[in-house]
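One letter stands for each residue in the lines below.
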Amino acid sequence: MGADYRASMRISDVRVVVCSPGRNYVTLVVETEDGIIGIGDATLNGRELAVAAYLSEHLAPLLVGRDARRITDTWEYLYRGSYWRRGPVTMAAIAAVDVALWDILGKVTGQPVHQLLGGAVRDGVMAYTHASGRDLDELEASFAAHLDEGYLAVRAQCAVPGLDTVYGVGARGDYEPASGELPDEETWETAHYLEFVPGMMARLRQTFGPTVHLLHDAHHRLTPIEAGRLGAALEPYRMFWLEDPTPAEDQTAFRIIRQHTTTPLAVGEVFNTVWDCHELITNRWIDYIRCAVSHAGGITHLRRIYALAETYGVRTGAHGPSDVSPIGHAATLHLDLAVPNFGVQERMQHPAGTEEVFRTGISFDDGYLHPGTAPGLGVVFDEEAAARFPYQRRYLPVNRRLDGSVHDW
Ligand code: GCO
Ligand code: MG
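Heads up: these notes are all about the structure in this document. If you're wondering where the values come from, they're calculated on a predicted model, not measured in any experiment.

Conventions and cut-offs
- Residues numbered from 1 in each chain as written.
- Chains lettered and ligands numbered in written order.
- Predicted model: local features only at pLDDT ≥ 70, side-chain atom pairs only at ≥ 80, totals over all residues.
- Heavy atoms only, no water.
- Helix = DSSP H or I, 4+ residues; strand = E, 2+ residues; numbered from the N terminus.
- Contact = heavy atoms within 4.5 Å.
- Areas by Shrake-Rupley, 256 points an atom, 1.4 Å probe, with all protein chains shown as cover.
- Lys, Arg positive; Asp, Glu negative; His and termini not counted.
- Charge placed at Lys NZ, Arg CZ, Asp CG, Glu CD.
- Buried < 20%, exposed > 50% of the residue type's maximum accessible area, 1.4 Å probe, protein only.
- Pairing = 2+ DSSP bridges.
- Right-handed = clockwise from strand over helix to strand, strands pointing away.
- Donors = N, O, S within 2.8 Å, 3.2 Å for Na, K, Ca; no water.
- Axes fitted to C-alpha atoms, helices over the stretch in contact; angles between N-to-C directions.
- Parallel < 35°, antiparallel > 145°, perpendicular 65-115°, else oblique.
- Left-handed = near helix turned anticlockwise from the far one by under 90°.
- Nonpolar A, V, L, I, M, F, W, Y, C, P; charged D, E, K, R; others polar.
- Phe/Tyr/Trp six-rings, centres within 6.5 Å; stacked < 30°, edge-to-face > 60°.
- Lys NZ or Arg CZ within 6 Å of the ring centre and 35° of its normal.
- Expected span 1.5 Å × (residues − 1).

Quick look at the overall build of the protein
Phase 1 of the analysis: What the protein contains, in helices and strands, is 13 helices and 18 strands.
Phase 2 of the analysis: Its C-alpha atoms give the protein principal-axis dimensions of about 65 × 45 × 45 Å.
Phase 3 of the analysis: When contacts within the protein are restricted to residue pairs at least 6 apart in sequence, long-range pairs at least 24 apart make up 73% of them.
Phase 4 of the analysis: For the protein, the computed accessible surface area is about 16100 Å², with 51% contributed by carbon and sulfur atoms.
Phase 5 of the analysis: A distance of 5 Å separates the average location of the 35 positive side-chain charges in the protein from that of its 53 negative side-chain charges.

This is the structure:
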């Protein structure tokens, strides 16, 4: 057991640590007066210091002296109490506070967070990872390697003939999007992409057979009718999902896509609150909601989004790229274990160095992840190690069409 649950649980210290072990992470550390430490992830790729300042300048003074056990009340205070609601910076900051408080509650009660959420409804969390290649042979090799690692679901991205650089494929075939003192520029032309992708999926289905789950991310680049056409062209390959077909802020775009295809649709990695997706869910325009704990107000808010989704037959597919820190991943996995309408969980390996700063109990066996059973989130954040990896400014790429105009990245 952790400390006596009836003991005072006043928050005595709140600190924000920005570090860059292989890539940038923003971590919130909340300490109670009896020495219990909770941690939360506030990483917002390419805009890290905006969230760090929101936390240290605006939220930390509100937290010191509060009872760490009042998780929902704190969420309401920070969300409703700010007047300026929503948005990625605000909701990443609130998420970090929320997750840190769940971590503290777990530690003080001696329970892993998923027990506090009602207990596990599954033994493990099916994960998908990223295969990518500079051509189809390289993609196929990458895909096969992930199947050998045990994955049952794999996302496939490939360079597109006629375009120099595209989303999901790095210079060496792998992919880590944020880089550079200034943004990299990638190229785009929808016609080239639409011409290429159905053949890529045909080849993967042909090579790897009928049972592997195939995923693909269009990364918010198509118009609704283009997305409808792509979804229809992919129907023979029985995709697990087509992700982010159109720019995500336009919910009604999905009504048009839905009229044209039965390929399952997933969206949500850039959403911050239920107000970004309530129309998508209640109209059943999507099949998977992909918000991340770290960007959508923490466990407290994401479980509400998931509950709404459950009512309308929409399953979860939480965002899990390397820019969600191991703390954010662990929080997501605890929620994944506990919700009935779980679908799949993204898993992208963190860069080397990350494990020196964040030590987790996360395991991966035969395609399934588990966050472990240690009290709280089960993640140790080593502040001394973090200090050895100072922040480095990094940007996500910008996309330009072949005529030079800026396109959605
Ligand atoms: C995904 C996403 C990411 C984003 C990244 C941006 O599906 O994993 O599209 O790779 O590009 O999170 O910071
Ligand atoms: Mg994506």
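With respect to the pairing of strand 7 (residues 213–217)
Phase 1 of the analysis: Of all 5 residues that make up strand 7, 4 are buried, and the element is covered over most of its length.
Phase 2 of the analysis: Of the strand pairs in this sheet, strand 7 and strand 8 (residues 241–243) are connected by 3 bridges, and their pairing is parallel. Each bridged residue has a counterpart across the sheet, and for Asp217 the counterpart in strand 8 is Glu243.
Phase 3 of the analysis: On the question of chirality, the crossover connecting strand 7 to the parallel strand 8 by way of helix 7 (residues 224–234) is right-handed.

A few points about the coordination of the magnesium ion (ligand 2)
Phase 1 of the analysis: Protein-derived coordination of the magnesium ion (ligand 2) comes from Asp217 (OD), Glu243 (OE) and Glu269 (OE), at a distance range of 1.9 to 2.2 Å.
Phase 2 of the analysis: Mapped onto the sequence, the donors of the magnesium ion (ligand 2) take the spacing D-x25-E-x25-E. Of this pair, Asp217 sits in strand 7 while Glu269 sits in the loop between strand 9 (265–267) and helix 9 (278–282), and the two are 52 residues apart along the sequence. Just as Asp217 is buried, Glu269 falls in that class too.

What to know about the packing of helix 1 (residues 48–63) against helix 3 (residues 88–109)
Each packed pair of helices is defined by two parameters, the angle between the axes and the distance between the axes.
Phase 1 of the analysis: Remark: helix 1 packs on helix 3, axes separated minimally by 9 Å, with the N-to-C direction vectors making an angle of 55°. Overall, the two elements helix 1 and helix 3 adopt an arrangement that is oblique. Between helix 1 and helix 3 lies a crossing of right-handed hand. Of the residues in helix 3, those touching helix 1 at Ala50, Val51, Tyr54, Leu55, Leu59 and Leu63 are Val89, Thr90, Ala92, Ala93, Ile94, Ala96 and Val97.
Phase 2 of the analysis: Of the residues belonging to the contact of helix 1 with helix 3, the class tally is 12 nonpolar, 1 polar and no charged.

Remarks on the packing of aromatic side chains
Phase 1 of the analysis: The full count for this structure, using the stated rule, is 12 aromatic pairs.
Phase 2 of the analysis: Plain terms: the ring middles of Tyr167 and Trp409 are 5.5 Å apart, the flat faces sit at 75° to each other, and that makes the pair edge-to-face. On the criterion of sequence distance, the pair formed by Tyr167 in the loop between strand 5 (153–158) and strand 6 (185–188) and Trp409 in the segment after strand 18 (406–407) is long-range, its members being 242 residues apart. The pair formed by Tyr167 and Trp409 is uniform in burial state, with each residue classed as buried.
Phase 3 of the analysis: Sitting over the face of the ring of Tyr77, Arg66 holds its NZ or CZ atom 4.6 Å from the ring centroid.
Phase 4 of the analysis: Above the plane of the ring of Phe364 lies Arg347, whose end atom (NZ or CZ) is 4.7 Å from the centre.

Examining helix 6 (residues 190–208)
Phase 1 of the analysis: End to end, helix 6 covers 27 Å across 19 residues, agreeing with the expected 27 Å (1.5 Å per residue, within 8%).
Phase 2 of the analysis: Listing the buried residues of helix 6 in full gives Thr190, Tyr193, Leu194, Phe196, Val197, Pro198, Met200, Met201, Leu204, Arg205 and Phe208.
Phase 3 of the analysis: Check the buried side of helix 6 and you find it contacts helix 5 (136–149), strand 5, strand 6, strand 7, helix 7 and strand 18.
Phase 4 of the analysis: Among the residues trailing helix 6, Gly209 stands out with phi positive, at a value near 85°.

With respect to the environment of Val154
Phase 1 of the analysis: Mapped onto the fold, Val154 is located in strand 5.
Phase 2 of the analysis: Residue Val154 is classed as buried on the basis of its relative accessible area, which comes to 0%.
Phase 3 of the analysis: For Val154 and Ala338, which are 184 residues apart along the polypeptide, the C-alpha to C-alpha distance reads 23 Å.
Phase 4 of the analysis: Once residues within four sequence positions are removed from consideration, Val154 is found in contact with Tyr128, Thr129, Ala131, Phe143, His146, Leu147, His213, Leu214 and Leu215.

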